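Understanding the architecture of this molecule
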Amino acid sequence: MTAVVIDTIDFLLFAITIFWVARKPSTIKVSVMIGIVSIEQMGIAFVASAAEGLSVYEYYQHQMSAAMQSAEGAVGTQAGVAQEAIDFVASLWPSLFVIQAAILVFIAIVLYWGLCVLLKRKTGWSVPLSQVDLPIWTVTPVLVGLALYVAAILPAVQDFPALFAVACNVLALSIIPCTAQGVASSKGVMNQMGLSLGWQTCVALLGIFSGLALFVLPIQGLADYWANFRKLPRDGVAQG
């Protein structure tokens, strides 16, 4: 698959995200778009790995091993630890593709929102970002992932590493809805605090570049499902 074809497909998917999803986003539309982008990214990975006669897992395992070998310090005991880390991350390739797709879709939605703000136009969204409240069923991956993880670490099933990999992938996927809920919750809380858009942007950039957002937003989102920090009426606000 040539770079031109990949770039063309990526552009078309970005345009679809802007004109179909971002203009009137919903849980279903966003989920479908994430799925489409994930399939496209996985297809590229399958082609790249097949060209070298490897599975996707082996392909990324080799890619990360090569990168690790070029870095300093991965020797002796550290090399063994690094290899375990490589094997673990490589086993997460299905969920990592979905997370990457979610980030791309989210970026497109944010760009659309930013453009509307600059042009002083209404987004057309049924509710503003600060009032987005995901359906409670979107927390299901957390519960399923935890249940699978507990099952995977039981002595009777520890000899089945595939179950552990599935559990970790499901838990990784659960980060997506929790983070989305966390973003909306953070926006609502900052609105309640009276922070201007400029200060909110500074807080967001600080969280992104410091890496704190990666940890804080999913936790806040998960807590907001029950704590309802924004005190939203949960009989008609949920986006489905």
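Further up the page is the structure itself.
Below: a short report on this structure.

Scoring rules and cut-offs
Residues numbered from 1 in each chain as written. Predicted model: local features only at pLDDT ≥ 70, side-chain atom pairs only at ≥ 80, totals over all residues. Heavy atoms only, no water. Helix = DSSP H or I, 4+ residues; strand = E, 2+ residues; numbered from the N terminus. Contact = heavy atoms within 4.5 Å. Areas by Shrake-Rupley, 256 points an atom, 1.4 Å probe, with all protein chains shown as cover. Lys, Arg positive; Asp, Glu negative; His and termini not counted. Charge placed at Lys NZ, Arg CZ, Asp CG, Glu CD. Phe/Tyr/Trp six-rings, centres within 6.5 Å; stacked < 30°, edge-to-face > 60°. Buried < 20%, exposed > 50% of the residue type's maximum accessible area, 1.4 Å probe, protein only. Core = buried A, V, L, I, M, F, W, Y, C linked by side-chain atoms within 4.5 Å. Expected span 1.5 Å × (residues − 1). Salt bridge = Lys/Arg side-chain N within 4 Å of Asp/Glu carboxyl O. Axes fitted to C-alpha atoms, helices over the stretch in contact; angles between N-to-C directions. Parallel < 35°, antiparallel > 145°, perpendicular 65-115°, else oblique. Nonpolar A, V, L, I, M, F, W, Y, C, P; charged D, E, K, R; others polar.

Comments concerning the overall build of the protein
Within the protein, the regular secondary structure consists of 10 helices and zero strands. Secondary structure of the protein in N-to-C order comes out as α-α-α-α-α-α-α-α-α-α. Considering only C-alpha atoms, the protein reaches an extent of 55 × 50 × 35 Å along its principal axes. Counting only contacts in the protein whose residues sit at least 6 apart along the sequence, the fraction spanning at least 24 positions is 74%. When the accessible surface of the protein is summed, it comes to about 14300 Å², and 73% of that surface belongs to carbon and sulfur atoms. Treating the 10 positive side-chain charges of the protein as one cloud and the 12 negative ones as another, the clouds have centres 29 Å apart.

Brief notes about unusual backbone geometry
Glycine aside, the phi torsion of most residues is negative, and most peptide linkages are trans. Despite not being glycine, N228 has its phi angle at roughly 50 degrees, a positive value. Within the fold, N228 resides in the segment after α10 (212–227). Within the chain, K231 stands out as a residue other than glycine whose phi angle is a positive 55 degrees. Inspection of the secondary structure puts K231 in the segment after α10.

Some remarks on the packing of aromatic side chains
In total, this model carries seven aromatic pairs according to the counting rule given. Seen from their ring centres, F88 and F164 are 6.4 Å apart, and the 45 degrees between their planes marks the pair as tilted. Residue F88 is located in helix α4 (residues 76–91), and its partner F164 is located in helix α7 (residues 161–173); the two are separated by 76 residues in the primary sequence. Residue classification places F164 among the partly exposed residues on the basis of a relative accessible area of 30%. Connected via pairs of aromatic rings, a cluster forms that spans F46, Y59, Y60, W93 and F97.

Observations regarding the nonpolar core
Counting 20 residues, the largest nonpolar core has M33, I34, V37, F97, V105, I109 and Y112 as its most contacted members. For this core, the secondary-structure elements that each account for two or more residues are α1 (3–22), α2 (27–51) and α5 (93–119). Counting residues per element, this core draws most heavily on α5, which supplies nine residues. Once residues lying within four places of it in the same chain are set aside, the contact partners of M33 are L13, I16, T17, W20, V21 and V105. Judged by nonpolar contacts, the second largest core, of eight residues, contains V127, V132, V139 and V142.

With respect to α5
In this model α5 runs 39 Å from its N-terminal to its C-terminal C-alpha over 27 residues, within 8% of the 39 Å that 1.5 Å per residue would give. For α5, the set of buried residues is S95, F97, V98, A101, A102, V105, A108, I109, Y112 and C116. Positive phi shows up at K120, right after α5, with a value of about 55 degrees.

Looking at the pattern of salt bridges
Within the structure shown, the criterion is met by two salt bridges. Here D133 makes a salt bridge to R230, at a shortest N to O gap of 3.7 Å. Here the residue D133 occupies a position in the loop between α5 and α6 (140–152), and R230 occupies one in the segment after α10, the gap between them amounting to 97 residues. Take R230: its relative accessible area is 6%, and that puts it in the buried class. In this structure, R230 and D224 form a salt bridge, with 2.9 Å as the shortest nitrogen-oxygen distance. When salt bridges with common partners are traced through the structure, they connect D133, D224 and R230 into a single cluster.

Brief notes about the packing of α7 against helix α8 (residues 175–192)
One can describe the packing of α7 onto α8 by two numbers: an axis separation of 4 Å at closest approach and a directional angle of 20 degrees. Relative to α8, the element α7 lies roughly parallel. Where α7 approaches α8, its residues L171, A172 and L173 are matched on the opposing element by I175, I176 and P177. For the contact of α7 with α8, the per-class residue count stands at six nonpolar, no polar and no charged.

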